[in-house]
Amino acid sequence: MVFSRFNIFEESQDYSVIFNTFNKVVTVLSDQDSRMLRFDLKSKVSIGEGLGKFLIEKGVLISKDEDELQKLMQKNHNNKDILNLYLVPTNKCNLNCRYCFMKSNPSCSDSADLVSDTVEFLKDNVHKYNGINIVWFGGEPLLAIDKMEEITSALKNEIEQNIFYSSTVITNGVLLDQANVLRLQEIGVKRVQIVVDCMLLGNDEYSSFGYEKFYSNIKNVCGKMETILRVDYENIERAEVKSLFEDLIKSGYGDKVQIYLSSRNGAELSRAREYFDNIIHALKKVVTMGMKYAYSVYNPSLACAVVYDGHYIVDSSGNIYKCALQIGKPQESVGTLKEGIEEDRLSKWQLMNAFTETSCMSCSIYDTCKNNKDAKRWGLGLVNILV
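For every chain, the first residue of the written sequence is number 1, and numbering continues from 1 along that sequence. Residue-level local features of this predicted model are given only where pLDDT is at least 70; pairs of side-chain atoms are given and counted only at 80 or more, and the full residue set underlies all totals for whole chains, interfaces and linings. Just so you know, side-chain values use all the structure's heavy atoms and leave hydrogens and water out.

Trainee: What is the right way to read the overall build of the chain from this model?
Mentor: Numbering of helices and strands runs from the N terminus, with a helix taken as a DSSP run of H or I at least four residues long and a strand as a DSSP run of E at least two residues long. Scanning the chain for helices and strands turns up 13 helices and 16 strands. Residue exposure (1.4 Å probe, protein chains only): buried if accessible area is under 20% of the type maximum, exposed if over 50%, otherwise partly exposed. Out of the 387 residues in the chain, the part that is buried amounts to 53%. By definition, residues are in contact when any of their heavy atoms lie within 4.5 Å. Sequence-distant contacts in the chain: of pairs separated by 6 or more residues, those separated by 24 or more amount to 69%.

Trainee: What is the right way to look at the packing of aromatic side chains in this model?
Mentor: A ring pair, where both rings are aromatic, is described by two values, the distance of the centres and the angle of the planes. In this scheme Phe, Tyr and Trp rings, the latter by its six-membered ring, pair at centre separations within 6.5 Å, and the angle between planes marks the pair as stacked below 30 degrees, edge-to-face above 60, and tilted otherwise. One pass over the full model with this rule turns up four aromatic pairs. Judged by centre distance (5.3 Å) and plane angle (35°), the rings of Phe54 and Tyr293 are tilted. Taken together, the positions of Phe54 in helix α2 (residues 50–57) and Tyr293 in the loop between α10 (272–289) and β12 (294–297) put the pair 239 residues apart, joining distant regions of the chain. The residues Phe54 and Tyr293 share a single accessibility class, namely buried.

Trainee: I keep staring at helix α9 (residues 239–250) and nothing clicks. Help me out?
Mentor: Since the α-helix packs 3.6 residues into each turn, any two residues three or four apart lie on the same face. With 12 residues, α9 extends 16 Å between its outermost C-alpha atoms, agreeing within 8% with the 16 Å of an ideal straight helix rising 1.5 Å per residue. Those residues of α9 that fall on the buried side of the exposure criterion are Val241, Leu244, Phe245 and Leu248. Buried residues of α9, seen end-on, are gathered within an arc of 95° and therefore sit on one face of the element. In α9, the exposed positions that point more than 90 degrees away from the buried face belong to Ala239 and Lys250. Just downstream of α9 lies Gly252, where phi reads positive at about 85°. Any helix carries an expected span of 1.5 Å times its number of residues minus one. This arc is built from the directions going out from the helix axis to the C-beta atoms.

Trainee: When you look at empty space enclosed by the protein in this model, what are you seeing that I'm missing?
Mentor: Taking a probe equal in size to a water molecule and rolling it over the atoms shows the remaining empty space. Detection works on a 1 Å grid of protein atoms alone, calling trapped sets that fit a 1.4 Å probe cavities and calling open sets with protein on both sides within 12 Å along at least five of seven lines pockets, with lining residues defined by an atom within 4 Å of a point. Grid points are joined across faces, edges and corners, and a volume is the space filled by probe spheres set on the points. Overall, the coordinates contain one cavity of 30 Å³ or more when judged by the stated rule. Lining the largest cavity are Leu87, Val88, Pro89, Leu114, Thr118, Trp136, Ile151, Val314 and Asp315. Its residues assigned to classes, the lining of the largest cavity shows seven nonpolar, one polar and one charged. Amino acid classes used here: Ala, Val, Leu, Ile, Met, Phe, Trp, Tyr, Cys and Pro are nonpolar; Asp, Glu, Lys and Arg are charged; the rest, including Gly, are polar.

Trainee: What am I meant to see in helix α6 (residues 178–186) here?
Mentor: Listed in full, the buried residues belonging to α6 are Asn180, Val181 and Leu184. Buried residues of α6, seen end-on, are gathered within an arc of 105° and therefore sit on one face of the element. Along α6, exposed side chains directed more than 90 degrees from the buried face belong to Gln178 and Glu186. Structurally, α6 contributes buried residues whose contacts are with α5 (145–158), β8 (164–171), β9 (191–195) and α8 (211–221). Residue Gly188 follows α6 closely and has a positive phi angle near 85°.

Trainee: Any chance you could explain the layout of surface pockets here in plain terms?
Mentor: Roughly 390 Å³ of internal volume is contained in the second largest pocket. Considering the residues around the second largest pocket, the lining is formed by 17 residues, among which Lys53, Glu57, Glu226, Lys256 and Gln258 are closest to the centre. Sorting the residues of the lining of the second largest pocket by element identifies α2 and β10 (226–232) as the ones contributing at least two each. Per-element tally for the lining of the second largest pocket: the top contributor is α2, with four residues.

Trainee: I keep staring at the environment of Arg38 and nothing clicks. Help me out?
Mentor: Counting through the fold element by element, Arg38 comes out in helix α1 (residues 31–42). Taking the C-alpha atoms as reference points, Arg38 and Val2, separated by 36 residues in sequence, lie 9.5 Å from one another.

Trainee: Even after reading the chapter, I still don't get the pairing of strand β11 (residues 258–262), so can you show me in this structure?
Mentor: It is a general feature of regular strands that their side chains alternate between the two faces of the sheet. Across the five residues that make up β11, a large majority, five, are buried. By definition, two strands form a pair when at least two bridges between them are found by DSSP. Of the strand pairs in this sheet, β10 and β11 are connected by five bridges, and their pairing is parallel. Note on β11: the bridge partner recorded for Val231 is Leu261. Viewed with both strands pointing away, a crossover whose connecting path from the first strand over the helix to the second turns clockwise is right-handed. The parallel pair β10 and β11 is bridged by α9, and the resulting crossover is right-handed. Across three bridges, the pairing between β11 and β12 is parallel. Counted as the bridge partner of Ile259 is Ala294 from β12.

Trainee: What is the right way to look at the confidence of the model for the chain in this model?
Mentor: Low pLDDT means the predicted coordinates in that region are not meant to be read closely. When pLDDT is averaged across the chain, the result is 77; 74% of the residues are at 70 or more. Below pLDDT 50 for its whole length, residues 352–359 participates in 15 contacts with residues either more than four positions away or in separate chains. A low-confidence stretch, residues 370–387 (pLDDT under 50), is modelled with 40 contacts involving residues beyond four sequence positions or located in other chains. As a per-residue quantity, pLDDT reports the predictor's confidence and falls between 0 and 100.

In structure tokens form, the structure reads like this:
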């Protein structure tokens, strides 16, 4: 294994900050872990478990023979290798988080034809791709786990065995009992992201559920699927979050979960330096607490995944979007499950192809920039931060 060509490093006495501009992942390693990793790489020791596995998953470490420029070609918006679908099986939720951009709550309604329309859409489109990646979110998707099972069953009947398939669930964790964890495994879910903020912060409904049950549900997933705890970086020093991390470490689960630091406000170009500094500070706090596998995704609004073909978000009414922030605004959709994708609506989201500009190809922030003037300004600001 070797370090990715798209890594940017910042070394200090106690920590190593690594930003992988290909996957937009930033992570922090303790000085001890960093030195051990570099020694293992230099010694050509086999790296496949623990920290090494984590860094391989995030793209920080790659195979020596891997062609990263070819990966860029495949990732470019002209490529339709993978169909990425963010599916909302229900917009209902058993919580009522005040910050939810989906405005989900227990009284939300869904389309009665959602399952049949989704199945027909997949039948019409899945054969155009070499793989499919589904992310279930909501609402609370586990309220509609029966729909997830029905859609997945129909999908698997359509795809050939050699087609890549991946599935992730984003959940508030309330319904992650052992029975539902087993059902998720049976439909091929490999990754569960649990939004810690909705359970521990600002929810009256949480009092009827309780911390012990929430903590037990996290342990139900650990070891069975990749487990990610998502926390807003501004909440990382809240007493409830600290207690959760301490309990996980004491129980031997500290190295069985990943901590993903997010932000409800996003990484605005105008405050890139401030935001990046805050993320790094929060990651160092997490590592200091003893949670080894901590990362964030640092992606400016002008370089998000909407530029890629084959990337769509489907709401519980059957509207198809390129951006999750547009959900609830049908006029901003690019089509519907019933009618399919409308090319004239899709075209507004398609950006220029920067692969024709050879001066970009050797740049470590190329995939973040995509030759976009404003994103370039953000990228140069990032280089000034780290270099």
